[in-house]
Amino acid sequence: MSEPTGAARRRGPFKVGDQVQLTDPKGRHYTFTLEAGKNFHTHKGSFPHDELIGAPEGSVVRTTGNVAYLALRPLLPDYVLSMPRGAAVVYPKDAGHILAFADIFPGARVVEAGVGSGSLSSFLLRAIGDQGMLHSYERREDFAEIAQQNVERYFGGPHPAWQLTVGDLQDNLSDTDVDRVILDMLAPWECLEAVSKALVPGGILCCYVATTTQLARTVESIREIGCFNEPTSWETMIRNWHIEGLAVRPDHRMIGHTGFLLTARRLADGVEPPMRRRRPAKGAYGEDYAGPNADGGTGR
């Protein structure tokens, strides 16, 4: 049985073409690709790539300036934060929540709109495996090109489960019997009709938006279309901790707001969602509110 795509690049001794992440004594990271005969240079000296080729992961190398560097393969969260960018990347904390709460499973058929720089695509492809299907849609050709390069660099070549289409999802979506749809775009509500036709009953829609106005508009549009259950929305924040002897305290900096996530599940055809029991506060919508699509799509 052949190994899954990219697995051989994640284990064993370092080989030519492998990415290496060096960590210096201050915890700073430096990432490069191993090439025979080349040297890695820093302001603290240099060392030959050949010193790492064939060495086990977790080795320590010393530069000509006698500074020790720990050599490991970069984890996927490390890789996506350092990859070349066209658009902003989906942060690992949000990608992890998408994989968990959108229930991405091996062999899943997934549609993604807004491929950006390929960060989320890499996480999704590793989760669904070679037997799954990820069809990514990106409006901008330059973003799609950067994303393709990033994904193929991580997996060591084209991934057999990935298809990338340049164009709008609502105009080009032809996939059927889709298990999951991930929308990372400015106006996900524009795609709801197309998405609802592609998703299987019980399938999950997951949207990633940046602002509260986008979040509110998306939730109201999901309720309006009437073929999803009540959406759930949240955000995640990460704060590291400094631990040095008895000095145990939170770091002064943290990864705060990056975006909002929401999920909703496709209902069976012809089924109406149960009425919500919780009523909004009086005046929450305003006296002149007439529904999420009453403005003709202007957002005002």
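Conventions we followed
- Residues numbered from 1 in each chain as written.
- Predicted model: local features only at pLDDT ≥ 70, side-chain atom pairs only at ≥ 80, totals over all residues.
- Heavy atoms only, no water.
- Helix = DSSP H or I, 4+ residues; strand = E, 2+ residues; numbered from the N terminus.
- Buried < 20%, exposed > 50% of the residue type's maximum accessible area, 1.4 Å probe, protein only.
- Contact = heavy atoms within 4.5 Å.
- UniProt positions renumbered as here; feature names shortened; annotations may be inferred.
- 1 Å grid on protein atoms, 1.4 Å probe; cavity = no way out; pocket = protein on both sides within 12 Å on 5 of 7 lines; lining within 4 Å.
- Polar contact = N/O pair within 3.5 Å; in protein donor to acceptor, adjacent residues only side chain to side chain.
- Points joined across faces, edges and corners; volume = space filled by probe spheres on them.
- Nonpolar A, V, L, I, M, F, W, Y, C, P; charged D, E, K, R; others polar.
- Phe/Tyr/Trp six-rings, centres within 6.5 Å; stacked < 30°, edge-to-face > 60°.
- Pairing = 2+ DSSP bridges.
- Axes fitted to C-alpha atoms, helices over the stretch in contact; angles between N-to-C directions.

## Section: the environment of Phe 155
With respect to the helices and strands, Phe 155 occurs in helix H4 (residues 141-155). We classify Phe 155 as buried; its relative accessible area is 6%. Along the chain, Phe 155 and Thr 5 lie 150 residues apart, while their C-alpha atoms are 6.5 Å from each other. The residues touching Phe 155, leaving out its near neighbours within four places in the chain, are Thr 5, Gly 6, Arg 9, Ser 122, Leu 125 and Arg 126.

## Side note on the UniProt feature "binding site: S-adenosyl-L-methionine" (unreviewed entry) in the protein chain
According to UniProt, the positions carrying the feature "binding site: S-adenosyl-L-methionine" (unreviewed entry) are Ser 117, Gly 118, Ser 119, Leu 120, Glu 138, Asp 168 and Asp 184. As for the second largest cavity, its lining draws on Ser 117, Gly 118, Ser 119, Leu 120 and Asp 184 from among the annotated residues. Tracing the backbone through its elements, the reader meets Ser 119 in helix H3 (residues 119-128). When sequence neighbours within four positions are dropped, the list of residues in contact with Ser 119 reads Val 80, Met 83, Val 89 and Val 90. Among the polar contacts listed, one links the side chain of Ser 119 to the backbone oxygen of Val 90, at a separation of 2.8 Å. In this structure, Glu 138 sits in strand S8 (residues 133-138). Apart from the residues lying within four places of it in its own chain, the contact partners of Glu 138 are Gly 114, Val 115, Gly 116, Phe 143, Ala 144, Thr 165, Val 166 and Gly 167.

## Focus on empty space enclosed by the protein
All told, the structure shown has two cavities of 30 Å³ or more when counted by the stated rule. Its boundaries defined by the atoms lining it, the largest cavity holds a volume of some 80 Å³. Taken together, Arg 9, Arg 10, Asp 18, Gln 19, Arg 73, Pro 74, Arg 153 and Tyr 154 make up the full set of residues lining the largest cavity. Within the lining of the largest cavity, the residues separate by chemical class into two nonpolar, one polar and five charged. Approximately 40 Å³ is the volume attributed to the second largest cavity. Considering the residues around the second largest cavity, the lining is formed by Ala 88, Val 89, Val 90, Glu 112, Gly 114, Val 115, Gly 116, Ser 117, Gly 118, Ser 119, Leu 120 and Asp 184. Partitioning the lining of the second largest cavity into residue classes produces five nonpolar, five polar and two charged.

## Overview of the packing of aromatic side chains
Overall, the coordinates contain eight aromatic pairs when judged by the stated rule. Between Phe 32 and Phe 47, the ring centres sit 6.4 Å apart and the planes meet at 70°, which makes this aromatic pair edge-to-face. Taken together, the positions of Phe 32 in strand S2 (residues 29-33) and Phe 47 in strand S4 (residues 45-48) put the pair 15 residues apart, joining distant regions of the chain. Owing to a relative accessible area of 2%, Phe 47 belongs among the buried residues under this scheme. Of the aromatic side chains, those joined through ring pairs into one cluster are Tyr 30, Phe 32, Phe 40, Phe 47 and Tyr 69.

## Remarks on the environment of His 159
Within the element layout of this structure, His 159 appears in the loop between H4 and strand S9 (162-166). Residue classification places His 159 among the buried positions, given a relative accessible area of 6%. The spatial distance from the C-alpha of His 159 to the C-alpha of Asp 130 is 7.5 Å, given a sequence separation of 29 residues. If we skip the residues at most four places from it in the chain, His 159 touches Thr 5, Leu 125, Gly 129 and Asp 130. From its side chain, His 159 meets the backbone nitrogen of Ala 161 in a polar contact 3.0 Å long.

## Here's the deal with the sheet that holds strand S10 (residues 178-184)
Strand order in the open sheet formed by seven strands is S9-S8-S7-S10-S11-S15-S12, with mixed pairing between adjacent strands. The sheet terminates laterally at S9 and strand S12 (232-234), the two strands that pair on one side only. Strand-to-strand twist across the sheet, computed as the mean angle between neighbouring axes with direction ignored, equals 15°. As defined by bridge partners, strand S7 (residues 109-113) adjoins S8 across five bridges and the pair is classed as parallel. Looking across to S8, one finds that Val 110 is bridged to Leu 134. Packing against the sheet, helix H2 (residues 92-101) makes contact with S10, strand S11 (199-209), S12 and strand S15 (260-265), and its axis sits at approximately 10° to S15. Strands S7, S8, S9 and S10 of the sheet are contacted by H3, whose axis makes an angle of about 165° with S8.

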